[in-house]
Amino acid sequence: MSSENSSADDVRQVWDVVVVGAGPAGASAAYAAAVAGRRVLLLEKAELPRYKTCGGGIIGPSRDSLPPGFDLPLRDRVHAVTFTHNGRFARTRRSRHTLFGLVNRPEFDQALVEHAQKAGAELRTGVTVQRVEQHGSAVPDRRCVALFLQGGETVLARAVVGADGSASRIGAHVGVKLGQVDLGLEAEIPVPETVAEDWKGRVLIDWGPMPGSYGWVFPKGDTLTVGVISARGEGAATKRYLEEFIGRLGLAGFEPTISSGHLTRCRADDSPLSRGRVLVCGDAAGLLEPWTREGISFALRSGRLAGEWAVRIAEAHDAVDTRRQALNYAFAVKAGLGVEMSVGKRLLTVFERRPGLFHAVLTGFRPAWKAFMDITRGTTTLAEIVRTHPMAHRALSALDRRQAPAGEQPTS
């Protein structure tokens, strides 16, 4: 186990905030709590940097949620998107301005952690949290949470933020409930300079053959990140989709340096975001956009909120105040990210049944392409477009009605 700026005495103290998981959500939470002047401990089970299955797209909301002075380690800037429908009907749309950036997750996550450390957070890697207790003999008072680490060590905190991924142990303690689980498969494929040059500044999005599935190609210098995602339970079909996708792209002859898979989990509407002095954020809370399964911006935004409210919970002197602050955190998440997720869920339902319609609209209807550009740049959100644009609201409501079972009225 590696440790930075720590001593044997430190880990027996009561920390103001302990964050479990050093991905974008955890690093953002640790930064937010540390910059507020609190004693923050960031725990990560892996050694950093480490690989994560992720396209690495940094859209506007992600960029806008980064700490001040953060230097994005971009590998490319996207100005064009090629859309296909199961490999056919290719259409490339272009923008004069950057749509979004692309990063390698090991570099991006490491930079976020270093920013949290500069703000005062302490990092310990190679640490696995086995269970959490808020009552019992290991908890010295009602303002404490005990984290039991593999190896027998116990860490005490006034507040805990769970950011330990989609298979979160902290999420299990909180009681997170999942409403949607998808399987993502990805390959990192080194390519010759001539191939890399053809992809520079351009990504590909392919609406896939299974309901709700799609594939992507994200260029990062001399490597292409190629992946697909589909509902869990279609493992063989998803793997076949990736293989056929790579073959259609003419990339089958290049050996991937990494082939990986990952389950993304989306929270149920009534899933809790806290329990006592423990909050969850990012993948641990099931926070991601249901249609695209974009999670980085949700991780950064919910992580920042969790860090800010963890500070308030750490200062709470009784259960009533603790509960009030936890409810305020839940309200902040649901009022922003929750609304976006609700719209994304409606779009996914339509997309699962009518992918050809989505393809036709995005490639042939200029207002739809403009909305795509605005969303990726961060000047608006899906929810804002549906709320403020009468045409978008009417179109989605009409599609909702077409998809709703007989006798059931969709919400507007």
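To start, this report covers the structure provided alongside it. This one's a predicted model, so the numbers in the text were calculated from it and none came from an experiment.

Details of the environment of valine 339
Step number 1: Among the secondary structure elements, valine 339 is positioned in helix H8 (residues 319-353).
Step number 2: According to the relative accessible area criterion, valine 339 is partly exposed, its value standing at 39%.
Step number 3: In the structure, valine 339 is positioned 45 residues away from glutamate 384 in sequence and 9.3 Å away in space, judged by C-alpha atoms.
Step number 4: In contact with valine 339, not counting residues within four places along its chain, are Lys334 and Ala383.

Concerning helix H9 (residues 355-364)
Step number 1: Turning to H9, its buried residues number three or more, namely Pro355, Phe358, His359, Leu362 and Thr363. For H9, the angular spread of buried residues about the axis comes to 110 degrees, placing them on one side.
Step number 2: The elements touched by buried residues of H9 are strand S5 (80-85), strand S6 (88-94), strand S13 (202-207), H8 and helix H10 (366-377).

Things to note about the sheet that holds strand S12 (residues 178-190)
Step number 1: Taken in spatial order, the 7 strands line up as S6-S5-S13-S14-S15-S12-S16 in an open sheet, and their pairing is mixed. Every interior strand has two partners, whereas the edge strands, S6 and strand S16 (258-267), have only one. Pairs of neighbouring strands in the sheet enclose a mean axial angle of 20 degrees, with direction left out of account.
Step number 2: One ladder, built from 4 bridges, connects S13 with strand S14 (residues 214-220); its direction is antiparallel. For leucine 204, the partnering residue across the bridge sits in S14 and is valine 217.
Step number 3: Docked against the sheet, helix H6 (residues 235-248) engages S12, S13, S14 and strand S15 (223-231), running at close to 150 degrees with respect to S15.
Step number 4: Contacts between H8 and the sheet are confined to S12, S13 and S16, with S16 contributing the most and set at about 110 degrees to the helix.

A word on the packing of helix H1 (residues 24-35) against helix H3 (residues 105-118)
Step number 1: One way to put it is that H1 packs onto H3 with a least axis distance of 8 Å and a crossing angle of 15 degrees. Classed by the angle they form, the pair H1 and H3 counts as roughly parallel. Crossing of H1 over H3 shows left-handed handedness. Along the contact surface, H1 presents Pro24, Ala27, Ala30, Tyr31 and Ala34, while H3 presents Arg105, Phe108, Asp109, Leu112, Val113, His115 and Ala116.
Step number 2: Classifying every residue of the contact of H1 with H3 by side-chain character gives 9 nonpolar, 1 polar and 2 charged.

A closer look at the pairing of strand S1 (residues 14-20)
Along any regular strand the residues' side chains alternate between the sheet's two faces.
Step number 1: Across the 7 residues of S1, 5 count as buried, placing the element largely inside the fold.
Step number 2: Direction of pairing for S1 relative to strand S11 (residues 154-162): parallel, over a ladder of 6 bridges. Bridging across to S11, valine 14 finds its partner in leucine 156.
Step number 3: Pairing geometry for S1 and strand S2 (residues 40-44), over 4 bridges, is parallel. For valine 19, the partnering residue across the bridge sits in S2 and is leucine 42.
Step number 4: Taken together, S1, H1 and S2 constitute a β-α-β crossover, and its handedness is right-handed.

Observations regarding the sheet that holds strand S3 (residues 57-58)
Step number 1: A sheet is described by the order of its strands in space; here 3 strands give the open sequence S3-S7-S4, paired in antiparallel fashion. Each end of this open sheet is capped by a strand with a single partner; those strands are S3 and strand S4 (74-78).
Step number 2: Strand direction decides the pairing type here: S3 and strand S7 (residues 100-103), joined by 2 bridges, are antiparallel. Among the inter-strand pairings, isoleucine 58 is bridged to a residue of S7, identified as glycine 101.

Cut-off values and rules
- Residues numbered from 1 in each chain as written.
- Predicted model: local features only at pLDDT ≥ 70, side-chain atom pairs only at ≥ 80, totals over all residues.
- Heavy atoms only, no water.
- Helix = DSSP H or I, 4+ residues; strand = E, 2+ residues; numbered from the N terminus.
- Buried < 20%, exposed > 50% of the residue type's maximum accessible area, 1.4 Å probe, protein only.
- Contact = heavy atoms within 4.5 Å.
- Arc of directions from axis to C-beta.
- Pairing = 2+ DSSP bridges.
- Axes fitted to C-alpha atoms, helices over the stretch in contact; angles between N-to-C directions.
- Parallel < 35°, antiparallel > 145°, perpendicular 65-115°, else oblique.
- Left-handed = near helix turned anticlockwise from the far one by under 90°.
- Nonpolar A, V, L, I, M, F, W, Y, C, P; charged D, E, K, R; others polar.
- Right-handed = clockwise from strand over helix to strand, strands pointing away.

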